[in-house]
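# Descriptive analysis of the structure
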Amino acid sequence: MTYPWVTILGYFLALCFLLMLINVYIKLKADNRKLIQSVRRSESDKHQLTSSLDSIFDPIWIKDKNQKYVYCNPSFEQLVGLSKVDIIGYKDEEIQSQHPQLTQDFLPTITSNTETGTAEEYICLPSGSIDYFQVNTTNTHNKKGQFSVGHAYRTTPFKERESELVEAEIRVNEALKLTKVGIWEWDVTKDIWFATPSYFTMLGYAPVEGMADRKAELEKIHPEDRQRVLSTIQSILSSKKESNYYKYQARIKHIDGSYRWIGVRCIVTEFDQEDKPARMLGVRIDIDEIQKAHDQVEWLAHHDSLTKLPNRVALHKTFHQIIKPDIKLALLFIDLDHFKNVNDTLGHTIGDQLLLTLADRMRSLVGKIGYVARQGGDEFIILLPAKNEACLIEKTSEIKDALSARYNIDQHQFFITPSIGVSLYPRNGKDFDTLYQQADTAMYHAKHAGRNRYAFFIEEMQATSTRALILSNALHDALEREEFSLHYQPQVSLITGRVIGAEALIRWHSKELGAVSPGEFIPLAEENGQILAIGEWVLRESARQLKQWLEEGITPVRIAVNLSYAQFQADDLPATVAGILYEYEVPTEYLELELTERIATKDPEHTITILESFQKLGIHTSIDDFGTGYSSLSYLQRFPVYKLKIDQSFVRNMTTNANDQVIVGTIILLAQQLGMTTIAEGVETKAQLEMLNNIGCDDIQGYYISRPLPAEEFKTGYLEKKQRLNIADD
């Protein structure tokens, strides 16, 4: 071998090349393995990413730089209503054109944004409903170029809730307007103050959006209330936690310039480090109508609704406000005489107009020197200065005369008179109630003295008033305690001399007070309404006594019973009387009912109706006290009565007074012409009897014959004897 080293070198080089190839192969093998692993990892990551995106509830999509879809998750498919096959690789407009069932601009509305950012969008779904979305878009790059990733977050529930809250706020504001309630909040630390629209609109102002001017609101408070309100607020601001609430009522200016009552309530909701108020929450309420209603109630509590005069309560307060140690006052208690007749005959409307006219007269009479009040009904009270008693008497007389002057109301003209009682401060009392009671007592004294007059209180009146009160109280129990009895006064015929009847007269013997005169207790019974019960008792007792005499085999005489005005006004009076007679089995011929001439002529048509009812029942009726009531003859001749009873006031003086004698004779002649009989009451002397006999009187009754007797004495003295009386003998 010539060149062995060359061969060796060749082999070496070949070996090196072979080794190099082996190394490259091994390296390539390793790189390929790594690449495969990388690809596998990439595929795994892609799968994991895709799985993750697919599992997200919100729609997600990816577009390439040409706006073609390269990915979308199932939520996006569900949103669009298409599968990935119909989406991947296409643009929005291509998808829209291939699927006309999609609402126009459905996809572009959500996915067309190519800039990184967030937007709020809404779409109309194929179902017709609207969905709201918050769309987030992100642009990114990789080796293949630019991509955009989109994410749509469904915000419809929040929008619906937001809408509900807005609607609720609107409803609350409307409700606050309706209820006239305004809410405000004040950040005391930063002096930031705002209020709901109703806070402003309740007073006619436009709502203020955001922070409002608290000081301007305070300026609207009425000047008379402002300092009180500011002091109330300041007292809370300067206080500690213990006091965290305040309230006040004030007048606040309306936009029209008027002032309305507003109620404010506030509570401190936050305190600062020094325990001073840091935040306050309050409401204000329009209480103007409530306050006005309260003022009206307060006014009505102190005034008479008809005449607008102060009432007794208000006058009581006024009295205590004006009395001083050196002052002298007079309290006038005024009661109208027979005012009830106006209401009964002309109606309450005319009665009310009369009271208004009376009130006006009193106002003008008293002027600014005194005070006028309406006690109630037809009663008035006047306070007058009484330093000069002569001037007081003159003024009282002037008031009486002015109130007694003619009244012209509508087409009616009439007169009404007052009875006035006067008490003096401090002479008669130092408190209002005492003076009131004493003036009331004096007024009743004036009324009993004849009405249309005034009387000053004196101590003697108190005794009379006290006696009346005691009697009135005792009268309430008299029937239950069986303290009443009937006495019978004989009625005698002047022609036959025989007892033809008797008048039943009530007597009261109180267990505490002893015998009480009918002249005392009958007027009291008429005033307090007990006359009805007493009158019915008299009818029952008369019927019971008649039945007893009949059962004893004694033939009784006709018993005359007086009817009161109150009894006679009852439409069921005939039925009541008939029922009593039926109950006691007494024939109607034994009962006679007397009514006074004044009662009979008050309502003649009613009188005729009642008397005709008695006539049908067979009950006799007569007119008592005839000659004192100025009867109309046109009515008298229509009254179905059989007897006129001549009043004792004419009989008493007929033997010495020619006028009374003429009146008695005229009554007898009138009765004869009308086919009635006559009876004279109060016959006490032989001369009276003889004169009555001579002028043709039929019957008599009086002490000349007999005083009223208890039932047993009347029975033994007159019913059992049945003899003719020698009434003309001494």
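Quick look at the structure, then.

Basis of the calculations
Residues numbered from 1 in each chain as written. Predicted model: local features only at pLDDT ≥ 70, side-chain atom pairs only at ≥ 80, totals over all residues. Heavy atoms only, no water. Helix = DSSP H or I, 4+ residues; strand = E, 2+ residues; numbered from the N terminus. Buried < 20%, exposed > 50% of the residue type's maximum accessible area, 1.4 Å probe, protein only. Contact = heavy atoms within 4.5 Å. Areas by Shrake-Rupley, 256 points an atom, 1.4 Å probe, with all protein chains shown as cover. Expected span 1.5 Å × (residues − 1). Axes fitted to C-alpha atoms, helices over the stretch in contact; angles between N-to-C directions. Parallel < 35°, antiparallel > 145°, perpendicular 65-115°, else oblique. Left-handed = near helix turned anticlockwise from the far one by under 90°. Pairing = 2+ DSSP bridges. Polar contact = N/O pair within 3.5 Å; in protein donor to acceptor, adjacent residues only side chain to side chain. Core = buried A, V, L, I, M, F, W, Y, C linked by side-chain atoms within 4.5 Å. Patch = residues over 30% accessible without salt bridge, like charges linked within 9 Å, V, L, I, M, F, W, Y side chains within 5 Å. Salt bridge = Lys/Arg side-chain N within 4 Å of Asp/Glu carboxyl O. Arc of directions from axis to C-beta. Phe/Tyr/Trp six-rings, centres within 6.5 Å; stacked < 30°, edge-to-face > 60°. Lys NZ or Arg CZ within 6 Å of the ring centre and 35° of its normal.

### Side note on the overall build of the protein
Within the protein, the regular secondary structure consists of 26 helices and 27 strands. The proportion of buried residues among the 730 residues of the protein is 41%. Restricting to contacts in the protein with at least 6 residues of sequence separation, those with at least 24 account for 57%. Within the structure as shown, the protein displays about 40000 Å² of accessible surface, and the carbon and sulfur contribution to it stands at 53%.

### What about helix α17 (residues 531–551)?
The terminal C-alpha atoms of α17 lie 30 Å apart, and with 21 residues this matches the ideal 30 Å at 1.5 Å per residue to within 8%. Along α17, the residues classified as buried are I531, I534, G535, V538, L539, E541, S542, A543, Q545, L546 and W549. Just past α17, the residue G553 takes up positive phi, approximately 85 degrees.

### A closer look at the packing of helix α12 (residues 348–366) against helix α13 (residues 389–404)
At their nearest, the axes of α12 and α13 sit 10 Å apart, and the two run at 150 degrees to each other. When the interaxial angle is binned, α12 and α13 end up roughly antiparallel. Seen from above, α12 lies across α13 with right-handed handedness. Touching L358, R361, M362 and L365 of α12 are K395, E398, I399, A402 and L403, all from α13.

### With respect to the sheet that holds strand β13 (residues 379–385)
Pairing is mixed in the open sheet, where five strands are placed in the order β12-β13-β11-β16-β17. In the strand order of this sheet, the two ends are held by β12 (371–376) and β17 (453–456), each with one partner. Strand-to-strand twist across the sheet, computed as the mean angle between neighbouring axes with direction ignored, equals 20 degrees. Running at roughly 145 degrees to β12, helix α10 (residues 312–322) makes contact with β11 (329–336), β12, β13 and β16 (418–425) of the sheet.

### Description of the side chain of K645
Tracing the backbone through its elements, the reader meets K645 in strand β24 (residues 643–646). A distance of 2.8 Å separates a polar atom in the side chain of K645 from a polar atom in the side chain of E503. Setting aside residues up to four positions removed in sequence, K645 forms contacts with Q491, E503, E594, I623, D624, D625, F626, I679, E681 and Q701.

### Focus: the sheet that holds strand β10 (residues 277–286)
Ordered by their spatial adjacency, five strands build an open sheet running β7-β6-β10-β9-β8, and the pairing between neighbours is antiparallel. Strands with a single pairing partner mark the edges of an open sheet, and in this sheet they are β7 (192–195) and β8 (245–253). Strand-to-strand twist across the sheet, computed as the mean angle between neighbouring axes with direction ignored, equals 20 degrees. Sheet topology note: the strand β9 (residues 259–271)/β10 ladder contains nine bridges and is antiparallel. If you follow R265 over to β10, its bridge partner there is V283. Running over the sheet, helix α8 (residues 223–237) touches β6 (181–187), β8, β9 and β10 and is turned about 155 degrees from β8. Along the sheet face, helix α9 (residues 288–302) touches β8, β9 and β10 and points at about 120 degrees away from the line of β9.

### So, the nonpolar core
With 77 residues, the main nonpolar core has L692 and F714 as its most contacted residues. For this core, the element with the most residues is α17, which contributes seven residues. Not counting the four nearest positions on each side in its chain, F714 is found in contact with Y488, P490, V499, A502, W549, V557, L709 and L719. Counting residues in hydrophobic clusters, the runner-up holds 30 residues, among them A330, A359, V422 and L424.

### Describing a nonpolar patch on the surface
A cluster of nonpolar side chains, L15, L18, L19, I22 and I26, forms an exposed patch at the surface whose accessible area comes to about 460 Å². Positionally, L15 belongs in helix α1 (residues 4–55).

### Things to note about α8
For α8, spanning 15 residues, the distance from its first C-alpha to its last is 22 Å, which sits close to the expected 21 Å at 1.5 Å a residue. D225, V229, T232, I233 and I236 are the residues of α8 that are buried. The buried residues of α8 occupy an angular sector of 95 degrees when projected down its axis, which confines them to one face. Exposed residues pointing more than 90 degrees away from the buried face of α8 are listed as P223 and Q227. In this structure, the buried residues of α8 make contact with β6, α7 (214–219), β8, β9 and β10.

### Focus: the packing of aromatic side chains
What the rule picks out here adds up to 21 aromatic pairs. Considering the side-chain rings of W193 and Y199, the 5.2 Å spacing of their centres and the 75 degrees angle between planes classify their relative orientation as edge-to-face. Both residues of the pair, W193 and Y199, count as buried. Aromatic ring contacts, followed pair by pair, group F319, F333, Y425, F432 and Y436 into a single cluster. In this arrangement the basic side chain of R214 is found over the ring face of W186, its NZ or CZ atom lying 3.8 Å from the centre. A cation over a ring is seen here: K220 above Y205, with NZ or CZ 3.5 Å from the ring centre.

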